[in-house]
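Okay, here's what each chain looks like letter by letter:
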Amino acid sequence: MGKYIVKRLLLCLLLLFFTSMIIYAIMRCLPSSYVENMARELSTRPGSKSYSEWLAQLNAMYGLDVGIIKGYFQWFGNAVKGDFGDSWQFSVPVTEKFSEVIWDSFALGAISFVLQILIAIPLGILAARKQYSRVDYAVTVFALLGISLPTFFFATILKLIFSVWLGWFELYGKVGRFHEQLDAMGKFLDIASHYVLPVMTLTIVSVGSLMRYTRTNMLEVLNSDYIRTARAKGLPEKRVINYHAFRNTLIPVVTILGGSLPGLFAGAMVTETLFQIPGIGYTSFLAIRSGDIPFTMFYMTFLALLTLLGTLIADILYAVVDPRVRIS
Amino acid sequence: MDNNKNAMNDNPIKSVDHTANAGNEHISTSTSLDDEQRIKVLSPGMLVFKRFIRNRLAIVGFFIILFMFLFSFVGGLISPYGETQVFTYVGTMAKEYASVTHNNQFRYTVVEGKEYGDAAHAKFILAKNQGASVFNHNDTDYGIVQEAEDFYRITQITPIANITYFRGIFAVNPIEGNEISGTLEEAVKAAIDSGAEQFELEGDIYTIKRQNRDYVLGKSETIALESMYIIDPADKDLKIDFDFKYAAEKAIRTTDSGSFSVHGDNFAIDEYNEISVIYKVNSGERIPYAIVSEFAIQPSSPEIFLSLDFKATIQRAITNNQASFVFEDEKGSTEYTITKLNNVYTIKTETPTHLINMYESPSKRHWLGTDAHGMDVLTRLMYGGRVSLLIGFIVVFLETLIGVILGGIAGYFGKWVDMLIMRIVDVFNCIPFLPLVMIVGSVMDSMDIEPQMRIYYLMLVLGVMSWTGIARMVRGQILSLREQEFMIAAEATGLRTSKRIFKHLVPNVVPQLIVLATLGLGNIILYESTLSYFGLGVKFPLASWGNIISDVSTAYEMTNYWFLWIPAGLLILLTVLGFNFVGDGLRDAFDPKMKR
């Protein structure tokens, strides 16, 4: 087991190396990037150097005067040491900005994750128990609706209903206008009320897949021999479902859930941007739009790392949860 | 059989069943009873089809997709409007007609051929404010002659002689080029005696300037006028020269005669509230010639011609502090409004103009109204659907192509090939999809790629980024399929490797491929619309369901013009839902393990 994990981790590092290289190459292809805009702006100041001089100076300053490959190795060398450079857009070290915004994303992700589990698993099991019933159809349609909903459209509708018509929540932002004047409890409630719509959006949009996954697995379990045996023994249906079937359904579900744990830190780029929640997703959106290479590089590499960790955790959990699976 | 025939006449629906039965019976009598006859055998394709048909959701999804196709591809042809056709209508709008400036500064008019510029003008203002009658500019002396209130004549003083007049001795030394006549000498002497600084002789004005004990005799000559009045001719061709201006203003300001004459022409003045209309009198006929007032009138566009009468009406209305006035001409009477800002009055009137039909509510002409650009929303939705569906199909085709080739190769060859391709799959899997596509969108933004080309690049990027799922599935299936007997048979017949992979292995994966592709279509449409929503995908003027929604940016538009964005959102939702329903139904239909 230990050997397996080490092997997987080494593979992850290798993949990360290549992934970040591809991302770096794409980032460097941004032609009219942040630097050019800045050079243009600086050169229009009175008594300033010409545009090309500024460009050359800024390129040298930001380490863009070297080729892509050399530049990548420079970046990688620093990244290994934990130095991801300074963000151009926010003019602070990338890691500092990251630690400042990550917790908002995590809070959003975690709340919606818990809600998803609470909604998806019971509904999925219910649908499987009554396959082809009205309940099953309703759950299936609900799940597919969630999967098919464009996030931006759903968020806009929520805003229209809850912010514009009912006026319960604010349209944008993480804190209200009078946040600073509130006491601790008031501040908490203020942020909480700003979180309602984003959490709602995230939950509805992503609850569908977990629900369907639960249903499919429950169906598989319900069709298996040991369930037939349990029923043949004359066990009450309640016990068959809650004891025999549910536990076995949990095996793949827990695996999937464990695998999506790292994703809680990934931030929801679209939702955060729509509600302007200053999490990692919105911050990265701004960074991408302005061509901020250090921050975007960091974010993309971070996401790649989370994906790799997710698969690794899922694989390990698979073996841990299900004693029948052995990893060699 | 007879019974059947009777039933046939009664109920046409039943009859189908019975004729089918009759056919079966007919066959069964002709051949022996074997397995084929007893069990109704369906082809595998038919089985799948039947299972699919029985799934209500899948059928709903199928009809949704069918509708979307008709809507986008046929609808665009049927729709009488174009994708980027802008609708306008002729409406009246309070449009600026003319602007009037109240002039409260001195303006100068120079005698033809003389020099008098802005700098001298400024010196004049200074001198006038100090009450001086002479000022100096560029070593030249100028005299100010007040003709009336706010009406000055500027004279240039040229020294013509130095005069010594000391203790009764009177000597005149003409400055070279000038001659001093005897009468002039007398007049000068008289003037100095009386202490006058100016005197007039034979129509010329002379000035005497004291210089220590001597005097300088200067001859004055009118070179300019300083006045606040503006003379606006009735016609641009009419010549308003210095003489005319001087005579007119002098007549208006000083005399009440109501007439004057210049260069042999007679003019009459009609004065009202400091606004004078000058008529040229030609044998008893009065032709409007010019208007003299403190107002300057400019039409708002060169096409507008303002008649003298109209100008006079405007000016009178302004001096009477009217907020609006009515002017009658051959076209009828029109009302004009006057608004004042500082010294500028704006004359506005309701003018018929071509206006863009923005935010028109749904009507018979425009079923879903018009958008902020005055384009028909329904038509744009149709064209947007084309783009969205086309992008979906091409991307899915691309990703399936790449996925099948790479997955097939990896699954068939195994070993290091498999290892290599699967690591590539892993790398691609690690690259975060949405941020990367956004970066590419930004790149395209900064490269100013035209909207049409953008779509192709978008398809390419989406396709290249999303093939990994299909490659994995194909590889997994082929890994198990290649161990089966039919592959051994294929190998034994000596078929080429490529043929073995793509003719014998891949077709076995087609069901799963179809399912993945259908579900993938929905996903791609979602991604495309999200990108377009953020302005990184399909760009205006091309329509896409995503960018139709993103056009609605303000809360005001959102709440007041539901028809701009709700239909587009519903179309995306329905289309993706349709593909998901069908994909789901297909999965169930293809998978014999699922008991449906």
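Residues numbered from 1 in each chain as written. Chains lettered and ligands numbered in written order. Predicted model: local features only at pLDDT ≥ 70, side-chain atom pairs only at ≥ 80, totals over all residues. Heavy atoms only, no water.

Q: Help me get a handle on the overall build of chain A, residues and values and all.
A: The helix and strand inventory of chain A stands at 13 helices and zero strands. Each helix and strand of chain A, placed in order from N terminus to C terminus, yields the pattern α-α-α-α-α-α-α-α-α-α-α-α-α. Taken over the C-alpha atoms alone, chain A extends approximately 90 × 55 × 35 Å along its principal axes. Taken over 328 residues, chain A has a buried fraction of 47%. Within chain A, residue pairs in contact and separated by at least 24 positions form 71% of the contacts whose partners lie at least 6 positions apart. When the accessible surface of chain A is summed, it comes to about 16200 Å², and 65% of that surface belongs to carbon and sulfur atoms. If the 28 positive side-chain charges of chain A are averaged to one point and the 21 negative ones to another, these points end up 13 Å apart. (Helix = DSSP H or I, 4+ residues; strand = E, 2+ residues; numbered from the N terminus. Buried < 20%, exposed > 50% of the residue type's maximum accessible area, 1.4 Å probe, protein only. Contact = heavy atoms within 4.5 Å. Areas by Shrake-Rupley, 256 points an atom, 1.4 Å probe, with all protein chains shown as cover. Lys, Arg positive; Asp, Glu negative; His and termini not counted. Charge placed at Lys NZ, Arg CZ, Asp CG, Glu CD.)

Q: Please give an account of the sheet that holds strand S1 (residues 88–102) of chain B that cites residues and values.
A: All names here are of chain B. On the basis of which strands lie adjacent, the open sheet formed by five strands has the order S15-S1-S18-S17-S16 and antiparallel pairing. At either end of the open sheet lies a strand with only one pairing partner, and these are strand S15 (295–299) and strand S16 (324–329). Pairwise comparison of adjacent strand axes, ignoring direction, gives a mean angle of 35° for this sheet. Across the sheet, helix H9 (residues 308–319) is in contact with S1, S15, S16, strand S17 (332–341) and strand S18 (344–356); its angle to S16 comes to roughly 160°. (Pairing = 2+ DSSP bridges. Axes fitted to C-alpha atoms, helices over the stretch in contact; angles between N-to-C directions.)

Q: Tell me about helix H5 (residues 56–78) of chain B, and please be specific about residues and values.
A: Here H5(B) contains 23 residues, and its C-alpha end-to-end distance of 31 Å stays within 8% of the 33 Å for a straight helix at 1.5 Å per residue. Considering bend angle alone, the principal kink of H5(B) is centred on Phe71(B) and spans about 30°. Packed against the buried residues of H5(B) are helix H6 (134–148) of chain A together with helix H4 (44–54), helix H10 (377–413), helix H17 (545–550) and helix H19 (562–590) of chain B. The N-cap of H5(B), judged by a side-chain oxygen 3.1 Å from the amide nitrogen of Leu57(B) a few residues on, is Asn55(B). (Expected span 1.5 Å × (residues − 1). Bend = angle between axes of the 7 residues up to and from the residue. Polar contact = N/O pair within 3.5 Å; in protein donor to acceptor, adjacent residues only side chain to side chain.)

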